[in-house]
Amino acid sequence: MSVLLQTGKVYLLRKQFNNIFSKCIFYRKKSDVSRKFVTFDEIVALRRAEARRSLVVQVNSESSFNELHGYCSKYASINDIHHYRNSGGEHFMLIEFNSEENLKDVLKSCSSHQKDVDVMGVQSPFLWFRASSGVREKYEQSIKQLAVKDGSKSVNEEVLYEELLNCDSVSDQIQMLYDRTVLNDIGVRLRYMVARQLEVVFSSLYANIRVQPFGSSVNGFGRMGCDLDLVLSNNLDEHNLISFVTQSSQKHRLVYQEKKSEGARSPSQRHMELLGALLELRVPGAGRVQRILNARVPIVKYSHELADVDCDLCCNNTSGVYMSELLWALGALDARVRPLTGAVRSWARAVALTNAHPGRWLTNFPLTLLVLFFLQQKQSGPILPSLNYLISLAGKEDIRVAEENLNCTFLRDLNKLPTDSYSQNDDDLQTLLFKFFEFYSQFEFQDKAISINEGRAIRKPNSLPLYVVNPLEQSLNVSRNVSYEECERLRLEVRNAAWHLESCLDGHKSDDWGILGLVEQKSSRGLKKLLRVGNSHRLVSVKDLFKDNDDVEPSTEGIRSKMEKF
Ligand code: CTP
Ligand code: MG
C-alpha cells in the first residue's frame, strides 16, 4: 500500500484504472502485448486509500456547493469533488482531500449532537452542512478552481433508446449499452465510502478489521445501481496473519483476553445479530435492516439511504472477495468480456431468466460464469484461458487461502501471462453474442456441467438441471437452485435470441433491431424497466427470501442459492 501512495505510481495506476473502468479500448490480442495490467489488489488499495481521505456531505441545494467548498478549503486542500443526488432528491458532495491528515483536520472542526443517548454522537464519514448562522462568508471563487463532477446523472432511458436505435452495428449497440450503464466512478467511490463507514463505526468493537466490497461492485461487471456486497474480516493479509499468529504465540507474553461465544446460536450468527443492531442504532444512513441468520453464511441486508445503495453484509467470507478478483481478472483480459457479459445480463433480465429475488432461477453470478465459460471454448477462439491455466502459472505471491482452508490461488498479475497465450480471435461483439446464444442452444445441459476451471464441459456429477461448478470450491454447484423449468426456459430463450440476432443480419433497422429486441422487457415499451437495475426490488421481505424450493430444505434455499458459495 505504501508503494501505491508514491505519487507517480498513483498517477499511473489511476490512468490505467480509468481506462479499465471507463472505456476499454484494448483487446487482448498479440498486438497488445505491451499493455500493462493493473492488479485487483492495486485497485482495491487505491480505492480504499481514496475513501480514507474522503467525506460525503449532505447539502441543502446546489447553491451550497461553493460555500461548502470554501468552508472545507479553510481547513484542508481538496483533491477532487463530486456531486450526486439520492433517490429522495437530496444533494450530496463527495469530497476527496489531499491526504488522510487533511481529512483529520477537517474532522476536528466538526460538531455533533451529544445531548442525550438517543442521538449520542457517532463519527462516521457521512456529514451534513449546517446553514450559516451569522453573516455569510463569500466563497464565489473557490469552486471554480476545481470542477465539480456530477455523478447524479443516472441513465436517461429515452436518450439511450434513441442512441441504441441509431447505432451503426449491433457491436456498437453492445458497447454503447455497456458504456452508458457500467458502474461509474462516483458509484464505486460511494461504495467504498459505505465500506469505510462500517470500518470506522465497528472498529471500536472489533480490532484490526477490514470491511471490503465484493461482488459486482468491484468485479468489473457492475452496473449503475447494483447492490453492494460487503464482507467484514480481519485486516491482516495472508503473510501477516501467519507471522501474527506465530509471533503472538511465541514472543508476546501479554495476551488480550478473548470473549468466548455462548448460547445456541453460532458465533457468526451472534456477530451478525450485533452488527444488525449497530446498523440500526449507530450507522447514519443505514435503514430497513433485515437479518438473515439461518443461511449457511448469515447476512444482514440494509439500505444506505444517503449513498443510495442496497447492501448485503456478511462476515469472514474472503472467498467471495477472491471470487470477485478472479472475475475481475478474466474481465480485464479482453475488452470484449465485460460488454458482452453486460449484454447477456441485460437480456437475461429482460426475459426474466434472472430476477433480483433469490429463487429457482438463475442469478447474475452463475450467468457470468456461463459467459466466461463460452469465451474459453475452442469455437470462440478461445478468448479466455481456463482457471487451471492461471493456477498453473501462480507463484508464491499468489497463494491465498480462504476460510475452511479453501485454496484460492491463481495468477494475479496478468502481465506474467506468456505472450503465446494471447488470443488470435478477432470476432466482434455481435458475432460473439450470436455465438454465445448458439453455443448454449446446443449445450447438453442434461449430461454436462460448466467448469471454468477446466475450460471445457465435464460430466455432471448429479442430476440437477443446471450444473455450474463453483470455480473456487469445485464440489459445489453455484446454480443448484435452478429448477428444471427454468433450465428449459434458458434453452428456449437462447434459441429465441439467436434467431432474433440472425434476423437482424439483413441490415433492416426496425424499432427492436439488434440488442433492442433482446434487452427490452416484453411487457413495457422503452427501456425503462430494463435499465433500472432493480433497486426497488432489492429489499425483499424476509418471507420472500425463504421462498420454496423442492429439492433441498424449503426454508432456506433462496438464501443458500445466493450464499452457497461459502
Ligand atoms: N459468490 C460466490 N459464490 C456464489 C454466489 C456468489 O462466490 N455461489 C460471490 C461472487 O463473488 C459474487 C458475489 O458473491 O460476485 C456476490 O453475489 P451476488 O450479489 O449474487 O452477485 P453479483 O456478482 O454481485 O451480481 P449482482 O449485480 O446481481 O449483485
Ligand atoms: Mg451483488
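Right above here is the structure, for reference.
Throughout, a residue's number is its position along its own chain's written sequence, starting from 1. For naming, the first written chain is A and the first written ligand is 1, with later ones following in the order written. Only residues with pLDDT of at least 70 are given local features in this predicted model, and only at 80 or more are side-chain atom pairs given and counted; all residues enter the totals for whole chains, interfaces and linings. Side-chain numbers come from the whole structure's heavy atoms, not from hydrogens or water.

(A) Expanded view of the packing of helix H11 (residues 337-350) against helix H12 (residues 364-375). Orientation of H11 relative to H12, taken along the N-to-C sense of each, is 135 degrees, at an axis distance of 10 Å. With respect to their mutual orientation, H11 and H12 come out oblique. Crossing angle aside, the handedness with which H11 passes H12 is right-handed. Contact residues: Val 337, Leu 340, Thr 341, Val 344, Arg 345 and Ala 348 in H11; Asn 364, Leu 367, Thr 368, Val 371, Leu 372, Phe 374 and Leu 375 in H12. We call Asp, Glu, Lys and Arg charged. Ala, Val, Leu, Ile, Met, Phe, Trp, Tyr, Cys and Pro are nonpolar, and the rest, Gly among them, are polar. Its residues assigned to classes, the contact of H11 with H12 shows nine nonpolar, three polar and one charged. Comment: axis = line fitted to C-alpha atoms, over the contacting stretch for helices; angle = value between 0 and 180 degrees taken between N-to-C directions. Numbered from the N terminus, helices here are DSSP runs of H or I no shorter than four residues, and strands are runs of E no shorter than two. We call two directions roughly parallel when the angle between them is under 35 degrees, roughly antiparallel when it is over 145, roughly perpendicular when it lies between 65 and 115, and oblique otherwise. Here a crossing is called left-handed whenever its near helix is offset anticlockwise from the far helix by less than a right angle, and right-handed whenever the offset is clockwise. It only takes one pair of heavy atoms within 4.5 Å for two residues to be counted as in contact.

(B) Spotlight on the sheet that holds strand E6 (residues 209-214). The five strands lie next to each other as E6-E7-E10-E9-E8, forming an open sheet whose pairing is mixed. Both outer strands of the open sheet, E6 and strand E8 (286-292), are each paired with one neighbouring strand and no more. When the angles between neighbouring strand axes are averaged without regard to direction, this sheet yields 25 degrees. Strands pair, by our definition, only if DSSP identifies at least two bridges between them. One ladder, built from five bridges, connects strand E7 (residues 228-234) with strand E10 (residues 309-315); its direction is parallel. Each bridged residue has a counterpart across the sheet, and for Val 231 the counterpart in E10 is Cys 314. Along the sheet, helix H9 (residues 267-282) contacts E7, E8, strand E9 (299-304) and E10; its crossing angle with E8, the most-contacted strand, is approximately 165 degrees. On top of the sheet, helix H10 (residues 318-333) reaches E6 and E7; it is set at about 45 degrees to E6, its chief contact.

(C) Looking closely at empty space enclosed by the protein. Space inside and on the surface of the protein is sampled on a 1 Å grid over the protein atoms alone, with a cavity defined as a set of points where a 1.4 Å probe fits but cannot get out and a pocket as an open set with protein on both sides within 12 Å along at least 5 of 7 lines; lining residues have an atom within 4 Å of a point. Grid points are joined across faces, edges and corners, and a volume is the space filled by probe spheres set on the points. One pass over the structure, following the stated rule, counts five cavities of 30 Å³ or more. In this model, the second largest cavity occupies a volume close to 60 Å³. The wall of the second largest cavity is formed by Tyr 178, Thr 181, Val 182, Phe 221, Gly 222, Arg 223, Arg 338, Thr 341, Gly 342 and Arg 345. Sorting the residues of the lining of the second largest cavity by element identifies helix H6 (170-181) and H11 as the ones contributing at least two each. Looking at the lining of the second largest cavity, the element that brings in the most residues is H11, giving four residues. In terms of residue class, the lining of the second largest cavity is built from three nonpolar, four polar and three charged.

(D) Representation of helix H7 (residues 185-202) in the model. Helix length check: H7 (18 residues) gives 26 Å between terminal C-alpha atoms against 26 Å at 1.5 Å per residue, within 8%. H7 sits mainly inside the fold: 16 of its 18 residues count as buried. Multiply 1.5 Å by the residue count of a helix minus one, and that product is the helix's expected span. The classification of residues rests on relative accessible area computed with a 1.4 Å probe and restricted to protein chains. Under 20% of the type maximum is buried, over 50% is exposed, and intermediate values are partly exposed.

(E) Quick look at the pairing of E7. With six of seven residues buried, E7 lies mostly within the body of the structure. Bridge count between E6 and E7: six bridges; the pairing is antiparallel. Along E7, the bridge assignment pairs Gln 212 with Val 231.

(F) Representation of the coordination of the magnesium ion (ligand 2) in the model. For the magnesium ion (ligand 2), every protein donor is listed as Asp 227 (OD) and Asp 229 (OD), and the spread of their distances is 2.2 to 2.3 Å. You'll find Asp 227 and Asp 229 in the same group, each marked buried. Distances up to 2.8 Å from the metal define which N, O and S atoms are donors, and 3.2 Å serves for Na, K and Ca; water is absent from the atom set, so sites may look incomplete.

(G) Just the environment of Phe 443, in detail. Note on placement: Phe 443 falls in the loop between helix H14 (429-441) and strand E13 (448-449). Assessed through its relative accessible area of 9%, Phe 443 is described here as buried. Along the primary structure Phe 443 and Ala 457 are separated by 14 residues, whereas in three dimensions their C-alpha atoms are 9.1 Å apart. Discounting chain neighbours no more than four positions away, the residues touching Phe 443 are Phe 373, Lys 448, Ala 449, Ile 450, Ala 457 and Arg 491.

(H) A look at the packing of H6 against H11. Following both chains from N to C, one finds H6 and H11 inclined at 85 degrees, their axes separated by 9 Å at the closest point. By the criterion of interaxial angle, the relationship of H6 to H11 is roughly perpendicular. Here Ile 174, Gln 175, Leu 177 and Tyr 178 of H6 come into contact with H11, specifically with Arg 338, Pro 339, Leu 340, Ala 343 and Ser 346. Here the residues of the contact of H6 with H11 are counted per class, giving six nonpolar, two polar and one charged.

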